[in-house]
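Letter by letter, the chains look like this.
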Amino acid sequence: MPPVSESLSKCETCNKVFAERQTLIQHLKSHSANNKFTCDLCDKSYTKRHGLLRHARTHTGERPFTCEKCTSTFVRRDVLASHQRRALGVSVNFLL
């Protein structure tokens, strides 16, 4: 795994900056040669199949999670939950 920069949680491989150090550490895995799930359309790769499946939605436009209150749609369940908490004041409990 590439080295972690001590300043501002910046990736030393691609210069992307992260607000949280833990997010940077997760991001560093994207530069790993251990990524065995590769997108056929853009060559991005992932360590887990779930990551590739979630990424595929960027190409297909699929938005399978719908807000029951306002019919907004979302690519990820956690983003729907965040929307419901922020915009609607709804407490949402689900397993990721």
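Residues numbered from 1 in each chain as written. Predicted model: local features only at pLDDT ≥ 70, side-chain atom pairs only at ≥ 80, totals over all residues. Heavy atoms only, no water.

As named in an unreviewed UniProt entry, the chain is C2H2-type domain-containing protein, taken from Larinioides sclopetarius. The Subcellular location (unreviewed entry) comment attached to the chain in UniProt states, word for word, "Nucleus". (UniProt positions renumbered as here; feature names shortened; annotations may be inferred.)

A word on the UniProt feature "domain: C2H2-type" (unreviewed entry) in the chain. Feature annotation in UniProt places "domain: C2H2-type" (unreviewed entry) on residues 9-36, 37-64 and 65-85, given in this structure's numbering. Strand forms 0% of residues 9-36 and helix 29%; the C-alpha atoms that close the span are 26 Å apart. Secondary structure across residues 37-64 divides into 43% helix and 14% strand, with the first and last C-alpha atoms of the span separated by 22 Å. (Helix = DSSP H or I, 4+ residues; strand = E, 2+ residues; numbered from the N terminus.)

The next thing to look at is helix α2 (residues 49-60). Compared with the 16 Å implied by 1.5 Å per residue over 12 residues, the 17 Å span of α2 between its first and last C-alpha is a close match. Taken together, the buried residues of α2 touch β1 (37-38), β2 (45-46) and β3 (65-66). After α2 finishes, the residue Gly61 shows a positive phi value of roughly 80°. (Expected span 1.5 Å × (residues − 1). Contact = heavy atoms within 4.5 Å.)

What follows covers the pattern of salt bridges. Here the structure, examined in full by the defined rule, presents two salt bridges. Put simply, Glu62 and Arg57 hold a salt bridge, and the shortest N to O gap is 3.6 Å. A residue is classified by how much of its surface remains accessible, and Glu62, at 42% relative accessible area, is partly exposed. A salt bridge links Asp78 to Arg76, with the nearest nitrogen and oxygen atoms 2.6 Å apart. For Arg76, a relative accessible area of 30% corresponds to the partly exposed category. (Salt bridge = Lys/Arg side-chain N within 4 Å of Asp/Glu carboxyl O. Buried < 20%, exposed > 50% of the residue type's maximum accessible area, 1.4 Å probe, protein only.)

Turning next to unusual backbone geometry. Even without being a glycine, Asn15 presents a positive backbone phi close to 70°. In this structure, Asn15 sits in the segment before α1 (21-28). Classification of Asn15 as partly exposed rests on a relative accessible area of 48%. Phi is positive for Thr71, close to 65°, though the residue is something other than glycine. Given a relative accessible area of 59%, Thr71 falls into the exposed group.

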